[in-house]
Amino acid sequence: MVEKEQVHAEESSRNDESPEPRTSRSRRRFNASNISFIEMMEMVDILKRADYDGKHGPYLNPNVGKAKIMTKVMKSLHRNFGVRRSKDQLRKRWSDLKLREQDQYRRIYRVIQKSDVDVVEEDSHFTSANAHVLIGQIMVCNRDLQKIKEDINDIEKILKNIIDVLGQI
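Every chain is numbered on its own, with residues counted from 1 as its sequence reads. Two thresholds apply to this predicted model, a pLDDT of at least 70 for residue-level local features and 80 or more for giving and counting side-chain atom pairs, whereas whole-chain, interface and lining totals are computed over all residues. Calculation of side-chain values draws on the structure's entire complement of heavy atoms; hydrogens and water are dropped beforehand.

Chemist: Please clarify how the overall build of the chain should be interpreted in this entry.
Modeler: The helix and strand inventory of the chain stands at six helices and zero strands. Helix numbering and strand numbering both begin at the N terminus, where a helix is a DSSP run of H or I of at least 4 residues and a strand a DSSP run of E of at least 2. Ordered by position from the N terminus, the helices and strands of the chain form the series α-α-α-α-α-α. The classification of residues rests on relative accessible area computed with a 1.4 Å probe and restricted to protein chains. Under 20% of the type maximum is buried, over 50% is exposed, and intermediate values are partly exposed. A buried classification covers 24% of the 169 residues belonging to the chain.

Here it is, written out as structure tokens:
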């Protein structure tokens, strides 16, 4: 009995002192940066339209595609809001929205879906929620208009090339 107590006392004294500090292999967790609701709406809209999560089929190089999509988000946020966000910040924010802040994600998604619905009815008070929806509509329209302008420029270049080839014949 005395021997057991001595062995137990020796083991507990060994456990109290730690000869080597334990190192963790896990990475340090960073909080997502503060992004305004409107910026998040823009980010979610682009990521959902571009199928960032790859729900509509297997892709040959998913990481390359995701990097291109995230670059598009970065450029859009800089162009529309004048803010510069890193890809890592945006990836973290997207992950947090989907996994931890699902109610916020649903709210953003609902606003994006309602972008073609009349927001302010007659005889109603204008609220900040109405303003968010209207701003979302403006953003969607601006993005669609930008896409149309890019398409027109592409078509004009193709047309010019065709005319140049025909002129050489």
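Chemist: Looking at this structure, I do not really get the environment of Arg49. What am I missing?
Modeler: With respect to the secondary-structure elements, Arg49 resides in helix α2 (residues 37-49). A C-alpha to C-alpha distance of 9.9 Å links Arg49 and Ile69, two positions 20 residues apart in sequence. When residues no more than four places from it in sequence are discounted, the contact partners of Arg49 are Val140, Arg143 and Asp144. The contact criterion used is simple: two residues touch if any of their non-hydrogen atoms lie within 4.5 Å.

Chemist: Would you explain helix α5 (residues 102-113) in this entry?
Modeler: At 3.6 residues per turn, the α-helix brings residues three or four places apart onto the same side. Compared with an ideal rise of 1.5 Å per residue, which puts 12 residues at 16 Å, α5 spans 16 Å between its outermost C-alpha atoms and is within 8% of the ideal. Here α5 has its buried residues at Gln104, Tyr105, Ile108, Val111 and Ile112. For α5, the angular spread of buried residues about the axis comes to 125°, placing them on one side. Residues of α5 that are buried sit in contact with α2, α4 (87-99) and α6 (128-168). Each residue after the first adds 1.5 Å to the expected span of a helix. Note that the arc is defined by the directions from the helix axis to the C-beta atoms.

Chemist: Explain the packing of α2 against α6 here, please?
Modeler: To define axes, lines are fitted to C-alpha atoms, for helices over the stretch in contact only, and angles between the resulting N-to-C directions are given on a 0 to 180 degree scale. Contact geometry of α2 with α6 gives a least axis separation of 10 Å together with a crossing angle of 45°. Between α2 and α6, the crossing angle belongs to the class labelled oblique. Of the two elements, α2 crosses α6, and the hand of that crossing is right-handed. Within the contact between the two elements, α2 uses Phe37, Ile38, Met41, Glu42, Asp45, Ile46 and Arg49 and α6 uses His132, Ile135, Gly136, Met139, Val140, Arg143 and Asp144. In this count, Pro and Cys sit with the nonpolar residues alongside Ala, Val, Leu, Ile, Met, Phe, Trp and Tyr, while Asp, Glu, Lys and Arg are called charged and the others, Gly among them, polar. Looking at the contact of α2 with α6 residue by residue, the class counts come to seven nonpolar, two polar and five charged. Roughly parallel refers to an angle under 35 degrees, roughly antiparallel to one over 145, roughly perpendicular to one between 65 and 115, and oblique to any angle outside these ranges. Crossing chirality is assigned from the near helix's rotation relative to the far helix, an anticlockwise turn below a right angle marking it left-handed and a clockwise turn marking it right-handed.

Chemist: How should a nonpolar patch on the surface be read in this particular structure?
Modeler: Only residues whose relative accessible area exceeds 30% and that take part in no salt bridge are eligible for patches, with like-charged residues grouped when within 9 Å of each other and nonpolar side chains (Val, Leu, Ile, Met, Phe, Trp, Tyr) grouped when within 5 Å. Only the protein chains shown count as covering a residue, and every accessible area follows the Shrake-Rupley method with a 1.4 Å probe. Salt bridges are counted wherever a side-chain nitrogen of Lys or Arg sits within 4 Å of a carboxyl oxygen of Asp or Glu. A cluster of nonpolar side chains, Ile158, Ile162, Val165, Leu166 and Ile169, forms an exposed patch at the surface whose accessible area comes to about 540 Å². Among the structural elements, Ile162 can be located in helix α6. Here Ile162 falls in the partly exposed class, since its relative accessible area comes to 45%.

Chemist: Explain helix α3 (residues 62-81) here, please?
Modeler: With 20 residues, α3 extends 28 Å between its outermost C-alpha atoms, agreeing within 8% with the 28 Å of an ideal straight helix rising 1.5 Å per residue. The set of residues buried in α3 consists of Ile69, Met70, Val73, Ser76 and Leu77. Taken around the axis of α3, the buried residues stretch over an arc of 120°, which confines them to a single face. Turned more than 90 degrees off the buried face of α3, the exposed positions are Lys68, Lys75 and Arg79.

Chemist: In this structure, what is going on with the packing of aromatic side chains? I would like to understand it.
Modeler: Each aromatic ring pair is described using two quantities: the centre-to-centre distance and the angle formed by the ring planes. Paired rings are identified among Phe, Tyr and Trp, the last through its six-membered ring, by centres lying within 6.5 Å, and are further divided according to the angle between planes into stacked (under 30 degrees), edge-to-face (over 60) and tilted (the rest). Scanning the model with the defined rule gives three aromatic pairs in all. Ring centres of Tyr52 and Trp94 lie 6.4 Å apart, and the angle between their planes is 90°; on these two criteria the pair is classed as edge-to-face. Of this pair, Tyr52 sits in the loop between α2 and α3 while Trp94 sits in helix α4, placing them 42 residues apart in sequence. Per residue, the accessibility class of Tyr52 equals that of Trp94, and both read buried. Aromatic side chains Trp94 and Tyr105 sit 5.9 Å apart centroid to centroid with 75° between the ring planes, which places their arrangement in the edge-to-face category. In this pair, Trp94 is assigned in helix α4 and Tyr105 in helix α5, connecting sequence segments 11 residues apart. Here Trp94 and Tyr105 have matching classes, each one buried. Taken together, the ring pairs in this structure connect Tyr52, Trp94, Tyr105 and Tyr109 into an aromatic cluster. Above the ring of Tyr52, the side-chain terminus of Lys66 is found at 5.1 Å from the ring centroid. Each ring is checked for a lysine NZ or an arginine CZ that lies within 6 Å of its centre and within 35 degrees of its normal; such an atom marks a charge sitting over the ring.

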